[in-house]
Amino acid sequence: MANGWFGKKRLPGAEVQEAPPSIPDGLWTQCGKCREVLFAREWERNLKVCTKCGHHFRLTAPERIAMLLDEESFVEIDGDLTSANPLNFPGYDDKIRRHGAASGLKDAVVSGHGTLDGYALSVAVTDAHFMRGAMGSVVGERISRAVELATQRRTPVLLISGSGGGARMEEGLLSLMQMAKTSASIARHHDAGLMTIILLTDPSLAGIMASWGSLGDVLLAEPGAQIGFVGERVSQQAHLGKVPQGFQSSEFQLTHGQIDQVVHRKDLRDTLTLLLEFAGAPGVA
Amino acid sequence: MANGWFGKKRLPGAEVQEAPPSIPDGLWTQCGKCREVLFAREWERNLKVCTKCGHHFRLTAPERIAMLLDEESFVEIDGDLTSANPLNFPGYDDKIRRHGAASGLKDAVVSGHGTLDGYALSVAVTDAHFMRGAMGSVVGERISRAVELATQRRTPVLLISGSGGGARMEEGLLSLMQMAKTSASIARHHDAGLMTIILLTDPSLAGIMASWGSLGDVLLAEPGAQIGFVGERVSQQAHLGKVPQGFQSSEFQLTHGQIDQVVHRKDLRDTLTLLLEFAGAPGVA
Amino acid sequence: MTASIEEFERAIAELETQIERVRKLTRDQGLDRSDEIAKLEELKSDLLRKRYGKPTGWDKTQIARNPKRPFTLDFVRLMFSDFTELHGDRLTGEDGAMVGGIARLNDQWITLVGHQKGRDASERHHRNFGYARPEGYRKALRLMRLSEKFKRPIICFIDTPGADCSVTSEEHGISESIARNIHEMFRLRVPIIVVITGEGGSGGALGIGIGDRVLMLEHSIYSVIAPEGCAAIVWRDAKRGSEAAEVLGLTPHQAKRFGIVDEIVKEPLGGAQRDYDAAAKSLKDALVRNLAELHQIQTEELLRSRYDRFRSLGVFHAGS
Amino acid sequence: MTASIEEFERAIAELETQIERVRKLTRDQGLDRSDEIAKLEELKSDLLRKRYGKPTGWDKTQIARNPKRPFTLDFVRLMFSDFTELHGDRLTGEDGAMVGGIARLNDQWITLVGHQKGRDASERHHRNFGYARPEGYRKALRLMRLSEKFKRPIICFIDTPGADCSVTSEEHGISESIARNIHEMFRLRVPIIVVITGEGGSGGALGIGIGDRVLMLEHSIYSVIAPEGCAAIVWRDAKRGSEAAEVLGLTPHQAKRFGIVDEIVKEPLGGAQRDYDAAAKSLKDALVRNLAELHQIQTEELLRSRYDRFRSLGVFHAGS
Ligand SMILES: [Zn+2]
Ligand SMILES: [Zn+2]
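Caption draft 1: Focus on the interface of chain C and chain D. Contacts between the two partners involve nine residues from chain C and, on the opposite side, nine residues from chain D. When chain C packs against chain D, the two sides together hide about 730 Å² of surface, and 51% of this comes from carbon and sulfur. At the boundary of chain C with chain D, the tally comes to zero salt bridges. Counting across the interface, chain C meets chain D through two residue pairs in polar contact (both at pLDDT 80 or more).

Given below as structure tokens:
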């Protein structure tokens, strides 16, 4: 499996923030961790994992879907849902427009259904390139609908987090309620005896983790992702003081019993396939 | 409630080991903790709690039943079961005889049914005066039968531990299997929607705690009881090193989330009554 | 510019001292100054009515955080009988910031769980200022399951600035504990009433916040983030909390407008901290009434409604 | 007096060295010394047959503890395919002394959990010498429940000197974790096969020891207490472990006699540590056969039988 998933064209919005402006965009990119300058084609063939240090670059939701699902199998649903500004929060409309333009996304999530190695499933992916992936009403609604669709079709659901913000304060309490809503859908899916798989990528924080991000039958994480309850900014405010080495990394969470496995990007599809087989997911002919 | 439960006559085997020989037996007793010499009548009226330091003396199973159940309500069951020596373990038969003679008990448990403030329930009490209350086949069988009787009559069951030994090695693996057996009965009782209350008294250790002693809907403990996984002798062998202050006390277990409440002996009946009411236990007219 | 609630309360305290002084004069010297007292009392009521009549979001934030406000165990003492506290998560710990137990509401056994703040320095420390830890959420879940087993309704009292985010709590899975509770609360087959009595702080509140009815005391708040935190992020200035409190929509009325809260429970004039008994009576009436309604509903219907209630929350545009 | 298994194994090792030397001579010098080799090999087999033919309880104790014995992950590697290890209790920790995951036994998905000892010093430390902690038992329970959800059978591998009794494990509820597992294993609605592969140490073993079938490898032990511990208590002399091993009845045959174990799985001559493949094949055959039998049984009947199986264990006098 796995080679050339991104070979056709570069997807918009990926990692632009990590490439220093001095390096011409397109041909080269620089590793955000070890600072190595990488030949873009090789780096893309390597699934955007640094060929030197193994750093897993952030992917966009479309990239993630292209990488994991069977080719051409993905069907987006609920793409017409967009964020409102229920509290008339100053600057929120504008912010949505800006993030939309920069990321090419309508909101911080892409959801739908498709197949993975022939297994039908629902999938939803949050994307940190849009408002840090924070969970507004649209994100909650799309995730819940993806889960409900899976329950209805009796397929597994794969939820992938790339969400640094957790709650989207511009929507106030409504944002908090998305934690309840998504968890409710998963509870029903669970009661129907169907599988929920969570994949945590960098970053996965706060409201996401205190709801659907922790509610998989199995929780997988990419190496070196930041995963935890509060982000840096809040933990500075909370005067946490000195935190241990590797605090809130995937590996830290593994050691503390919070996730099942840290899986290299290149092995993800194989691992997911085994889990789907274990769950007895019906294949799609 | 509560006054004069032991007023009629002294029960056999109680605390004789704690009274130094220089003090005439019957009139005076000495506190094992603060060394205060106590007037026996007053000490008995105080439910064998030291009037000076609050130390809860160990009770025998019959004393415990007399203290907690409604007067004359207790009906012993399975009193005809006695220990065999399936492994022909050297000295076991003799040991049983000696402990039986000293304690006035046939084995380390007394079980039956009765009422508590009018609520029908099964009850089983292990007694550290007989082979440290260790769980042989008879103990396991009587506890399981008491639980099964409760399930059948749809009443709660109250299991009281005073067991320092846990397993009874003289019965080898059969002793270990009593952990499985008693837990199985409780699982069925639980599935029937009925209440299991555990009362931990000094000492409650090892196999008891790794089975029925931890399996109550509610776990109560008397103050200052030793409660834990391994007894002192084993923990010395295991080179545990320095243990924290109050290690394995009731209060330690409360702090570490293992028990619901530490209850003074004088309040036990009231607390049990509330729990039985909460469980909706049927009263007996 | 209106005085802050804190300034206002200091002024009221002075007025109360003055009233007490006049009362003492009456007693000590036998002079009848009841007219004067009545006037002062009326002035006080007037002032309270004015200041507490139309409180802003920031006002409510301060009232909700008032350390004199009744805490969970105060309400428990005043509303319930036969309270028996049950401790521990049966896993790794006991958390003083979350209390729970069984009790009777009139003739009916219930289970309650709730955040608990501390009154004095030592209790505050023991209660971790109401920041509950994983052990607290897991204790709450254990007790709620106990309640389900014996078919007793559950009442949750929310009063927390937020969940504990210490290193230890992260290590013990604070995220998982909250997520698990939310998940399981949708599956509990008994009625659940949630009351926000003081601070409803974000995920820490929601961890015991799923129910068939969600009530808020009149001067409580419910927010996705502390106003100061919001201001720090949006305007990079934590001092602009009062502005953030307005835009966040953290008042009971805002929460009700979006269907997040079902009922606002009236507090005595000037806030619950002025009259514990009246506050408890008001809340007790609401609990009794709501419980009676919920008891009419079949279990399956109850669970379906609970699902639908939360499932419908959210505001967005559909159709591009 | 018979040599101890350890002494015997040292002698066998010398014999093996000698055989190897002769083999090398054959290769290096081209001399045909196959007769000599055959004789030495036969001697070795004879010795093994004699020494391993009627091992005492103490012999078995030493064989079961042999650090060269195949451990859980060795059996997993040799018997299963597509093993995917799953970590963590989702509460507070990950315990290296207990492993678990999903895997395929021939065409059939199963979940396995098991104690894991370490081979070298660093792994031994990581595996805590096979003494599992509360986190390990809770991980095992989590995975068994996962298996139940997807209707996959469970296989438990027991190989532990006992549960961890450190202060931390006491603080994290080691007793509760074992009791809970025993309790829940009676409620799991899928077939469970338990295999004791090495040391079956008391409560630490029983914590993953409830099943519809309990198998023991031929040279494993299952005991309520370590023989040395028993000797220390009974005779106040830990060195009399060999005597205690006899009276404790810790061999597979004794366990089978009392109905505690259903089947004894043959090991290759001289013990599983001599031939991992043969040991794994023998165990795999037993697992496949038992699973096939269990699959014939309806769930309710399965649970009833599991209950009855353990409920009937015990020997006592009835009637005075
Ligand atoms: Zn790099
Ligand atoms: Zn004393």
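Moving on, there is more to tell.
Caption draft 2: Just the relation of the copies chain C and chain D, in detail. Superposition record for chain C on chain D: RMSD 0.1 Å, screw rotation 180 degrees, translation along axis 0.0 Å. Taken together, these values place the two copies in the relation of a two-fold axis. Residue by residue, 100% of the interface of chain C is reproduced at the interface of chain D, so both copies engage with the same surface.

Caption draft 3: Geometry of the domain arrangement of chain C. Residue and element names in this part refer to chain C. Taken domain by domain, chain C consists of domain 1 (5-54) and domain 2 (62-311). With nine residues of domain 1 at the interface, the matching set in domain 2 holds eight residues. With both chains or domains summed, domain 1 and domain 2 bury close to 700 Å², and 60% of this area falls on carbon and sulfur atoms. When residues of domain 1 are sorted by the area they lose upon contact with domain 2, I5, L48 and Y52 head the list and together hold 65% of the total. Where domain 1 meets domain 2, there are one salt bridge. Salt-bridge contacts for R274 lead to E9; the nearest nitrogen and oxygen are separated by 2.6 Å. The interface formed by domain 1 and domain 2 holds three residue pairs in polar contact (both at pLDDT 80 or more) in total. Of all the secondary-structure elements, those providing two or more residues to the side of domain 1 that touches domain 2 are helix 1 (5-29) and helix 2 (34-53). If you tally residues by element for the side of domain 1 that touches domain 2, the top one is helix 1, at five residues. Taken together, the residues of the side of domain 1 that touches domain 2 break down into four nonpolar, one polar and four charged.

Caption draft 4: Local environment of the interface of chain B and chain D. Listed as interface residues are 57 residues of chain B and, on the opposing side, 51 residues of chain D. Carbon and sulfur atoms supply 69% of the area that chain B and chain D bury against each other, a total of about 4,700 Å² over both sides. Taken as a group, B:M169, B:L173 and B:F229 account for 15% of the area that chain B buries against chain D, more than any other trio of residues on that side. Counting every contact that joins chain B to chain D gives three salt bridges.

Caption draft 5: Just the pairing of strand 5 (residues 109-116) of chain A, in detail. All names here are of chain A. Within strand 5, eight of the eight residues are buried, leaving the element largely enclosed by the surrounding structure. Side-chain alternation along strand 5 places V109, S111, H113 and T115 on one buried face and V110, G112, G114 and L116 on a second face that is also buried. Where strand 5 lies against strand 6 (residues 119-126), eight bridges are found, and the strand directions are antiparallel. Paired with T115 across the strands is A120, a residue of strand 6. Where strand 5 folds back onto strand 6 in an antiparallel hairpin, the turn is made up of two residues, including D117, whose phi is positive at roughly 50 degrees.

Caption draft 6: Seen up close, unusual backbone geometry. Cis peptide bonds are those with omega within 30 degrees of zero, and the linkage from A:D202 to A:P203 qualifies with -10 degrees. Non-glycine residue A:D78 carries a positive phi angle of around 60 degrees. Structurally, A:D78 is set in the loop between strand 3 (75-76) and strand 4 (82-83). The phi dihedral of C:N128 falls on the positive side, at around 55 degrees, and the residue is not glycine.

Caption draft 7: Highlighting the coordination of the zinc ion (ligand 1). Residue and element names in this part refer to chain A. Every protein donor of the zinc ion (ligand 1) is listed here as C31 (SG), C34 (SG), C50 (SG) and C53 (SG), and their distances to the metal cover 2.3 to 2.4 Å. Seen from the zinc ion (ligand 1), its four donor atoms lie at angles of 107 to 113 degrees, and the figure they make is tetrahedral. Each donor residue of the zinc ion (ligand 1) belongs to the same chain, and together they define the spacing C-x2-C-x15-C-x2-C. Taken together, the residues span a long stretch of sequence, with C31 in the loop between strand 1 (28-30) and strand 2 (37-39) and C53 in the loop between helix 1 (40-45) and helix 2 (61-68) at a distance of 22 residues. Given the relative accessible area of 0%, C31 is considered buried. When its relative accessible area of 31% is taken as the criterion, C53 is described as partly exposed.

Caption draft 8: Region of interest: helix 2 of chain A. Residue and element names in this part refer to chain A. Of all eight residues that make up helix 2, six are buried, and the element is covered over most of its length. Every buried residue belonging to helix 2 is among A61, E63, R64, I65, M67 and L68, and all of these are buried. Looking at the buried side of helix 2, the elements it contacts are strand 5, strand 6, strand 7 (157-163), strand 8 (196-205) and helix 8 (268-278).

Quick notes on the rules
- Residues numbered from 1 in each chain as written.
- Chains lettered and ligands numbered in written order.
- Predicted model: local features only at pLDDT ≥ 70, side-chain atom pairs only at ≥ 80, totals over all residues.
- Heavy atoms only, no water.
- Contact = heavy atoms within 4.5 Å.
- Buried area = accessible area lost by both parts, 1.4 Å probe.
- Salt bridge = Lys/Arg side-chain N within 4 Å of Asp/Glu carboxyl O.
- Polar contact = N/O pair within 3.5 Å; in protein donor to acceptor, adjacent residues only side chain to side chain.
- Least-squares fit on C-alpha atoms with pLDDT ≥ 70 in both.
- Domains from an automatic or database assignment.
- Helix = DSSP H or I, 4+ residues; strand = E, 2+ residues; numbered from the N terminus.
- Nonpolar A, V, L, I, M, F, W, Y, C, P; charged D, E, K, R; others polar.
- Buried < 20%, exposed > 50% of the residue type's maximum accessible area, 1.4 Å probe, protein only.
- Pairing = 2+ DSSP bridges.
- Donors = N, O, S within 2.8 Å, 3.2 Å for Na, K, Ca; no water.
- Tetrahedral: all angles 85-135°; square planar, octahedral: opposite > 155°, others 65-115°.

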